[in-house]
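Listed below are the residues making up each chain.
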Number of protein chains: 2
Amino acid sequence: MKNEWTQAWLAYEKREEKGNGAYFASVAVNGFDTENVVVQSALKELKKGIKGMLDAEPMMADKATFVMKKDFALNAEGYTLTETDGVLTLAAGGENGLLYGVFEVLRRIAMEKSLQGVSVNAAPDCPLRMLNHWDNMDNSIERGYSGESFFFEDNEVVVNDRTVDYARLAASVGINGVVINNVNVKQAASYLITDRYYAKVAEMAKVFADYGIKFFMSLNYASTIEIGGMNSADPLDPEVISWWEKKIAECYANIPNLGGFLVKADSEGRPGPFTYGRTQADGANMLADIIKPYGGIIIWRCFVYNCQQDWRDYKTDRARAGYDNFIEMDGDYHENVILQIKNGPMDFQIREPISPLLGGLKKTNQMLEVQVAQEYTGHQIDVCYLMPMFKEVLDFKTYCSEKNDCVKDIISGKTLGNTNTGIAAVINTGNDKNWTGNDLAAANFYGFGRLGFDTELSSEEIAEEWIRLTFGNDPQVIEKVMGILLPSRATYEKYTSPLGIGWMVTPHVHYGCSVDGYEYSRWGTYHRADHLGIGVDRSHNGTGYALQYHEPNASMYDSMETCPEELLLFFHHVPYTYVLKSGKTLIQHIYDTHFEGVEEVEKMIAAWESLKEKIAPEVYDNVSERFGRQLTNAREWRDQVNSYFYRKSGIPDEKGRQIW
Amino acid sequence: MKNEWTQAWLAYEKREEKGNGAYFASVAVNGFDTENVVVQSALKELKKGIKGMLDAEPMMADKATFVMKKDFALNAEGYTLTETDGVLTLAAGGENGLLYGVFEVLRRIAMEKSLQGVSVNAAPDCPLRMLNHWDNMDNSIERGYSGESFFFEDNEVVVNDRTVDYARLAASVGINGVVINNVNVKQAASYLITDRYYAKVAEMAKVFADYGIKFFMSLNYASTIEIGGMNSADPLDPEVISWWEKKIAECYANIPNLGGFLVKADSEGRPGPFTYGRTQADGANMLADIIKPYGGIIIWRCFVYNCQQDWRDYKTDRARAGYDNFIEMDGDYHENVILQIKNGPMDFQIREPISPLLGGLKKTNQMLEVQVAQEYTGHQIDVCYLMPMFKEVLDFKTYCSEKNDCVKDIISGKTLGNTNTGIAAVINTGNDKNWTGNDLAAANFYGFGRLGFDTELSSEEIAEEWIRLTFGNDPQVIEKVMGILLPSRATYEKYTSPLGIGWMVTPHVHYGCSVDGYEYSRWGTYHRADHLGIGVDRSHNGTGYALQYHEPNASMYDSMETCPEELLLFFHHVPYTYVLKSGKTLIQHIYDTHFEGVEEVEKMIAAWESLKEKIAPEVYDNVSERFGRQLTNAREWRDQVNSYFYRKSGIPDEKGRQIW
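None of these values were measured; they are calculated from a predicted model.

Visitor: Tell me about the overall build of chain A, and name the residues and values.
Guide: The helix and strand tally for chain A stands at 18 helices and 18 strands. For 660 residues, the compact-globule formula gives about 26 Å, and the C-alpha radius of gyration of chain A, at 25 Å, lands near that figure. By its C-alpha atoms, chain A is 80 × 65 × 50 Å across when sized along the principal axes. Burial analysis of chain A (660 residues in total) assigns 65% to the buried set. Put simply, of all contacts in chain A between residues at least 6 apart along the chain, 72% involve residues at least 24 apart. Summed over its atoms, the accessible surface of chain A is roughly 22,900 Å², and 50% of this surface lies on carbon and sulfur atoms. Put simply, chain A has 65 plus and 92 minus side-chain charges, and the middle of one group is 1 Å from the middle of the other.

So this is what it looks like as structure tokens:
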């Protein structure tokens, strides 16, 4: 366990006052129970922030310049912030709204924006805004690139000041739910729902409760067998049901702040209802019915596919699996079940189409799952600011209904009028001092939370907020770091796999290039490159995946001419000589983008180096060291991809650059 | 630690007498000290074998029908075996000769061959016949496929009845030296030459001494630093020399049967003299001079190459490295240093040319290193009888002198008239019940020893001996198992990488196909395939490796026309359309051999299955299970290699078979 950690974007360093100081001379709280734990957290945070940034001590007073009050007309997590005649008023529908409002006040101060005349009316777009941790109890983190777990150590649950700071960071960007353990629940983690761990788990849940965050755990679907000593996990077996009834009652008796459970079943070797000839709905509903009286929910992951595919099998298509496995039971899931759906049909590649399950399901609660942990996007070595990708997902028009048919509408509840919906991220934190490995990767943690709260924020707005909060308000720092973050996803895409084909990564590790690494494997992840072309035919002539979308998306993807080019190789097998809209052939596009990608990394590094005098040495060195590795990685990708396709196609680079 | 093990080819099961029984009614030993430990082992073995196979109890007598006697005219490890007028006489030059003679007697009885009129005059061809174990003290075996170590357990040295049986098996095939620990000496193994382990090590060495086997250890070249607490391992530093003088004196005081040390230096991350700007000879000679008064030798491995190569670098050639690193100091190595040279210039691939260092060195003691452990040849899952490969190596004509210029002459001492020469095998044993994982892999352990003793034995003779000793003398069993073993290396070669190019294996694991697995890596192991052809140009136009050989070999390899076709892609980059001597194009040869390889595995399996009633069930099942995996492996290789080259070349199979 490392014992040092930063405050990330909550460092509350000295700021220019900009006339804001006066509001915090006196503070009043009306209509809220000041003994409430969340209200107390809000007040504590306010004091800490004002002290740090403005060097002032807010005093409680009846007649105040900063008035916090309850407004029952507002959403329980919403708030308004207004300023009139020297009085700043934060009205909130509930404690979480109050806390989020305080964080907005502090954010504005940190950004050195005057509060005079401010008029904000805010409420979260997504009802559930969750972080999923893939932490294991042996300290490791599955797909973690920022050290080890700070939730677990040597099979014990750890609660300390870092837990509190983690909760503050999460709450500051609007997170209201956290799953603390890996979806692959094994070994000690199976026992989190037993007397062995209840006391510590409850202590941790209490820390989250203080910040308005519901506490969730990943569940071992086979708990009846693994910890119950039974022979079955059949969801229709009365003994299984009875065991869960007792177990969940026990959980709530011990952990009052429990929000529910996340379940990965029948996937990648995990047990599930399929084992007993039952449906996914049978499994999810059984648990949901039992947890319902406690107000709990069951979040059920849709990442179900055949991970034992034969690469010689051109008919089976992993991309189809989520839809094929879940679409038929649309409407069968009970009201407190949520299906959690990865943004793409494969697995968090740098470019994928949006999962057709999102909006394909029309009678089911849906939660979008994205990955902030950079499993396939650079391991927090390479800079890859993910908000542009997340925005594309949220803004994707599914045509599932006449209006409010974008992904953001589905997960906010607008489409179906439901409230058990939201967004979840596999998060990128670990016990590294700076939380996220690369300091710049904190922008993804920050941005995910902000975007879940307000899906209309732009990538630029979020980046600027994070930079100002983290590095201060020097215009040159803002400009240069914006210049690094904003194009970084496009850059990463350029030097890795082209036009949506994905994979081509070192197997298992998922960092670094291996063009054929997954080509002859069992994972359903193929590029099908030969000497004439590359890509997977997922049109009606191929696997038919394109037809899983509503029209006109289905037709758009189905045709090579109308398919968006960034996804061309995901949907079609395309000759190297095919001419893109740019006028370039496919092969020349591959060469050009790979040379460009490396050049862009070199420019990012130059931009970062120009800030050497303006960034704290520890942070500067941390990012510089990673940039060095990113450049090596980008060059390796460029050379391997270009050499691979040159050797295979025999078509030289028009510009005569070095290819091996 | 597993506690059960077989007797392998020393099971001494009941045999038909064939008139041999009478010789063993009375036994005499003349001229030998019957208290000598090796003589005692010989007598014990004789009793055990005669009891088991002929159900008789040899009695000691002055006038006997089996006379063992000393003959000072014979080689100390040689013997004669003659029968006249009902008296069998084994004359030996020394205790080891006596022991080997007894094993020959027992072998003949096991093979149900009459001893009447026998007339054998035997002496080992190779002075040193060694087994190298890559056992680690944490129980693991580097490149071990037969369970864990039976020498070490949890960082302790283990000596028990299995150690004795291991020594018997080794001695029975003429082994006279064993290195017990991995050449990569790390952690606890660095401390084998300290008080921490001396007592146990000496106990183990004593077991080997009983069977005429010298005891060796791999040495950590940086011992002065790692266990001596010094700052240097510079071989010319007087303090380093002084440390080693004390250390080696200490070793011999504790381990009288110590033969010397094996050293892997300056290789794959291991420390060595290069670190101090010294030569390999400086390092080896320093140790050799110190160990000389004790009669010890230093065996110095030549596996030195740059394992951080850039795949874009077409000039550096790993194949050149052994020669380039060692040839200049030919003659500088002291008399009790032996250079241990792998059979090929790369690393134990299924097909490589012979290392040009063998015979390239003209004034240096040389030891041939082969690998019986099937690292790249099927992991003791796939059957791969290696004697045909070893025979090719031994019979290779190096042209290093006018006569006696084959590899077998160099390592027997005939070429240079030296005695510190020999052959070593990285051996394939572990604590599996049957010692070698696949029961059939024991033929390689057996065969290696026999071939080191008598380099003129044929692969067929050795196979037949091993089968008769192991499975008995049923003609059908002999025929079918011969039919499996003898072509198995050619079969493995057919379904894996073609024509000497090597590699194409799953990185790190070295089992299973990955055509590009090592193509863009740092290991110097490339095939350079593009859409027109494949192979590495090592001619004078390329890396010049071919010119490291003596003429006429250099010219033969240098030209595509005269290069032996089984090595064509090792030496040349060849178009897929190039016509081989068979009249087939290169690409068609690749397709055909890969289809044939799988068909041959299917035939092997059918042959094995025909023996179901004649083989002990445990052995039958063991081999059958592995055959199942071999077939899967062979099919996967066939399909991946064929698909890879079809996709890359675009040239279809003439026979229209299924390629993906």
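Visitor: Just give me the short version of the sheet that holds strand S10 (residues 177–179) of chain A, but keep the residues and values in it.
Guide: Residues and elements named next belong to chain A. Spatially, eight strands are ordered S7-S10-S11-S12-S13-S14-S15-S16 in a closed barrel, and the strand pairing comes out parallel. Mean inter-strand twist for the sheet, computed between neighbouring axes without regard to direction, equals 25°. Of the pairings in the sheet, the one linking strand S14 (residues 337–342) to strand S15 (residues 366–371) comprises four bridges and is parallel in character. Within S15, the residue paired with leucine 339 across the bridge is glutamine 366. The sheet contacts of helix H7 (residues 280–291) involve strand S11 (214–219), strand S12 (258–263), strand S13 (297–301) and S14, and relative to S13 the element is tilted by about 160°.

Visitor: Summarise the nonpolar core; cite the residues concerned and give the values.
Guide: Counting 224 residues, the largest nonpolar core has Trp9(A), Phe24(A), Leu440(A), Trp466(A) and Trp608(A) as its most contacted members. Among residues more than four places away in sequence, those in contact with Phe24(A) are Leu46(A), Ile50(A), Leu54(A), Glu57(A), Pro58(A), Met59(A), Thr65(A), Phe66(A), Leu88(A), Val105(A), Ile109(A) and Leu115(A). Of all hydrophobic cores here, the second largest spans 222 residues; its members include Ala205(B), Ile297(B), Met387(B) and Met482(B).

Visitor: Explain the sheet that holds strand S1 (residues 26–30) of chain B to me, using residue names and the numbers behind them.
Guide: Residues and elements named next belong to chain B. Taken in spatial order, the six strands make up an open sheet running S2-S1-S3-S5-S4-S6, and their pairing is mixed. Of all the strands in the sheet, just strand S2 (59–60) and strand S6 (119–122) have a single pairing partner and so form its edges. Taken strand by strand, helix H2 (residues 95–110) contacts strand S3 (66–70), strand S4 (79–84), strand S5 (87–92) and S6, and its axis lies near 45° from that of S4.

Visitor: Could you give an account of the pairing of S12(A), naming the residues involved and the relevant values?
Guide: All names here are of chain A. Counted residue by residue, S12 has six buried out of six residues, so it is predominantly covered. As paired elements, S11 and S12 share five bridges and run parallel to each other. What sits directly across from serine 218, in S12, is leucine 262. Taken together, S12, H7 and S13 constitute a β-α-β crossover, and its handedness is right-handed.

Visitor: Give a detailed account of the relation of the copies chain B and chain A, specifying residues and quantitative values.
Guide: In the superposition of chain B on chain A (RMSD 0.0 Å, axial shift 0.0 Å), the rotation amounts to 180°. Between the two chains, the operation in question is that of a two-fold axis. For chain B, the minimum C-alpha distance to the rotation axis belongs to Lys648(B) and amounts to 2.6 Å. Both copies share a contact surface, since 100% of the interface residues of chain B are interface residues in chain A too.

Visitor: Outline the interface of chain B and chain A, listing residues and values.
Guide: With 22 residues of chain B at the interface, the matching set in chain A holds 22 residues. Carbon and sulfur atoms make up 51% of the area that chain B and chain A hide from each other, which totals about 2,000 Å². At the surface where chain B touches chain A, the tally comes to six salt bridges. For Arg312(B), the salt bridge identified is with Asp639(A), shortest N-O distance 2.3 Å. Along the contact surface separating chain B from chain A lie 16 residue pairs in polar contact (both at pLDDT 80 or more). Residue classes in the side of chain B that touches chain A are distributed as seven nonpolar, five polar and ten charged.

Visitor: Quick one: what's the story with the packing of aromatic side chains, residue by residue and with numbers?
Guide: Under the counting rule described, the total for this entry stands at 70 aromatic pairs over all chains. Seen in terms of ring centroids, Phe151(B) and Phe208(B) are 6.2 Å apart; in terms of plane orientation they differ by 85°. Their pairing is edge-to-face. Here Phe151(B) is found in the loop between strand S7 (128–132) and strand S8 (152–153), whereas its partner Phe208(B) is found in helix H4 (residues 198–209), with 57 residues between them in sequence. Look at Tyr221(B) and Trp300(B): their rings are 6.0 Å apart centre to centre, the planes differ by 90°, and that puts the pair in the edge-to-face class. Of the two residues, Tyr221(B) sits in the loop between strand S11 (214–219) and helix H5 (223–226) while Trp300(B) sits in strand S13 (residues 297–301), which places them 79 residues apart along the sequence. Side by side, Tyr221(B) and Trp300(B) carry an identical accessibility label, which is buried. Among the aromatic side chains, those forming a connected cluster through ring pairs are Phe150(A), Phe151(A), Phe152(A), Tyr166(A), Phe208(A), Phe215(A) and Trp435(A). Positioned over the ring face of Trp435(B) is Arg162(B), at 4.2 Å from the centre of the ring. The ring centre of Phe303(B) lies 3.4 Å from the NZ or CZ of Lys342(B), which sits over that ring.

Rules used throughout
- Residues numbered from 1 in each chain as written.
- Chains lettered and ligands numbered in written order.
- Predicted model: local features only at pLDDT ≥ 70, side-chain atom pairs only at ≥ 80, totals over all residues.
- Heavy atoms only, no water.
- Helix = DSSP H or I, 4+ residues; strand = E, 2+ residues; numbered from the N terminus.
- Rg over C-alpha atoms; globule rule 2.2 N^0.38 Å.
- Buried < 20%, exposed > 50% of the residue type's maximum accessible area, 1.4 Å probe, protein only.
- Contact = heavy atoms within 4.5 Å.
- Areas by Shrake-Rupley, 256 points an atom, 1.4 Å probe, with all protein chains shown as cover.
- Lys, Arg positive; Asp, Glu negative; His and termini not counted.
- Charge placed at Lys NZ, Arg CZ, Asp CG, Glu CD.
- Pairing = 2+ DSSP bridges.
- Axes fitted to C-alpha atoms, helices over the stretch in contact; angles between N-to-C directions.
- Core = buried A, V, L, I, M, F, W, Y, C linked by side-chain atoms within 4.5 Å.
- Right-handed = clockwise from strand over helix to strand, strands pointing away.
- Least-squares fit on C-alpha atoms with pLDDT ≥ 70 in both.
- Buried area = accessible area lost by both parts, 1.4 Å probe.
- Salt bridge = Lys/Arg side-chain N within 4 Å of Asp/Glu carboxyl O.
- Polar contact = N/O pair within 3.5 Å; in protein donor to acceptor, adjacent residues only side chain to side chain.
- Nonpolar A, V, L, I, M, F, W, Y, C, P; charged D, E, K, R; others polar.
- Phe/Tyr/Trp six-rings, centres within 6.5 Å; stacked < 30°, edge-to-face > 60°.
- Lys NZ or Arg CZ within 6 Å of the ring centre and 35° of its normal.

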